[in-house]
Amino acid sequence: KEAKPGDTVKFTLTIQNNLKDIDMKDVEVTIDILDIDDGDDISIDSNQIDIDADEDEKFDLDFDVPTILDDRTYEIMVHVEGEDEDDEVHEVDWTVYLKVEKDKHEVIIDRASISPRSLTCFRTTSFETAIVNIGEKDEDNLRLEVKNSDLGIDYEREFLEKDILCKSILTRIK
């Protein structure tokens, strides 16, 4: 599977109870995406589900790929565990891989807010934004424009790469 920073990755697993005449209880899927979140793992767990003998159940789990991460392949550990009617634990593990590929040039506005929420003619307004470079390449010349002709706002600011790496930028618009 391939993904980009910020994507939602969905796992759909169909788990089969192959035991004859023995029901499984509290079957749970755990997925660990290793070293993907600034060197930390992301772990997701399903709800526990009972699976009757010779039946199967579908498990849907998803996670959001962090926006700041390395362009590489990440190891994903999948663990399924449940108990039979005699309280004996049955489990299976396997490994899959997620390849994260960044676009060469991609900058996102991760957050933007304006304060105060009500604008008047005689107040100073603050505009705060978090601009993040999630692409492979450094960006040299970026420009933020905030415009509203009804309010007479026509603001521009240029940024350098060092200004946009996960930083909030507070700008006062007068």
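What you see is a predicted model, and the numbers here were worked out from it, not measured in a lab. (Residues numbered from 1 in each chain as written. Predicted model: local features only at pLDDT ≥ 70, side-chain atom pairs only at ≥ 80, totals over all residues. Heavy atoms only, no water.)

1. Things to note about the environment of E91
Consideration 1: Along the chain, E91 falls in strand β8 (residues 89-100).
Consideration 2: When the C-alpha atoms of E91 and V29 are compared, they prove to be 9.8 Å apart, with 62 residues separating the residues in sequence.
Consideration 3: A polar atom in the side chain of E91 sits 3.3 Å from the side chain of H79. (Helix = DSSP H or I, 4+ residues; strand = E, 2+ residues; numbered from the N terminus. Polar contact = N/O pair within 3.5 Å; in protein donor to acceptor, adjacent residues only side chain to side chain.)

2. What about the confidence of the model for the protein chain?
Consideration 1: Averaged over the protein chain, the pLDDT score is 83; the fraction of residues at 70 or greater is 87%.
Consideration 2: Note that residues 165-169 has pLDDT below 50 and, in this model, 20 contacts with residues that lie over four places away or in other chains. (pLDDT = per-residue confidence, 0-100. Contact = heavy atoms within 4.5 Å.)

3. Some details on the nonpolar core
Consideration 1: Counting residues in each nonpolar core, the largest one holds 25 residues, and the members touching the most others are V29, I31, F63 and L98.
Consideration 2: A per-element tally of this core places strand β3 (residues 24-37) first, with 6 residues.
Consideration 3: Not counting residues up to four positions away in its chain, the partners in contact with L98 are K1, E2, A3, V9, I36, F63, V65, R72, T73, Y74 and I76. (Core = buried A, V, L, I, M, F, W, Y, C linked by side-chain atoms within 4.5 Å. Buried < 20%, exposed > 50% of the residue type's maximum accessible area, 1.4 Å probe, protein only.)

4. Description of the packing of aromatic side chains
Consideration 1: Tallying each qualifying case throughout the model produces 1 aromatic pair.
Consideration 2: Ring plane angle 20 degrees and centroid distance 6.2 Å describe the contact between F11 and F63, whose orientation is recorded as stacked. Placement of the pair is F11 in strand β2 (residues 8-16) and F63 in strand β6 (residues 56-64), with a sequence separation of 52 residues. For the pair F11 and F63, a shared accessibility class is recorded, and that class is buried. (Phe/Tyr/Trp six-rings, centres within 6.5 Å; stacked < 30°, edge-to-face > 60°.)

5. Some thoughts on the side chain of D84
Consideration 1: Residue position: D84 is located in strand β7 (residues 73-84).
Consideration 2: Of the buried charged residues, D84 lacks a salt bridge, with K25 as the closest side chain of opposite charge at 7.2 Å.
Consideration 3: Among the polar contacts made by the side chain of D84, one reaches the side chain of H90 at a distance of 2.9 Å.
Consideration 4: If sequence neighbours within four positions are ignored, D84 has contacts with L19, I22, D23, M24, K25 and H90. (Lys, Arg positive; Asp, Glu negative; His and termini not counted. Salt bridge = Lys/Arg side-chain N within 4 Å of Asp/Glu carboxyl O.)

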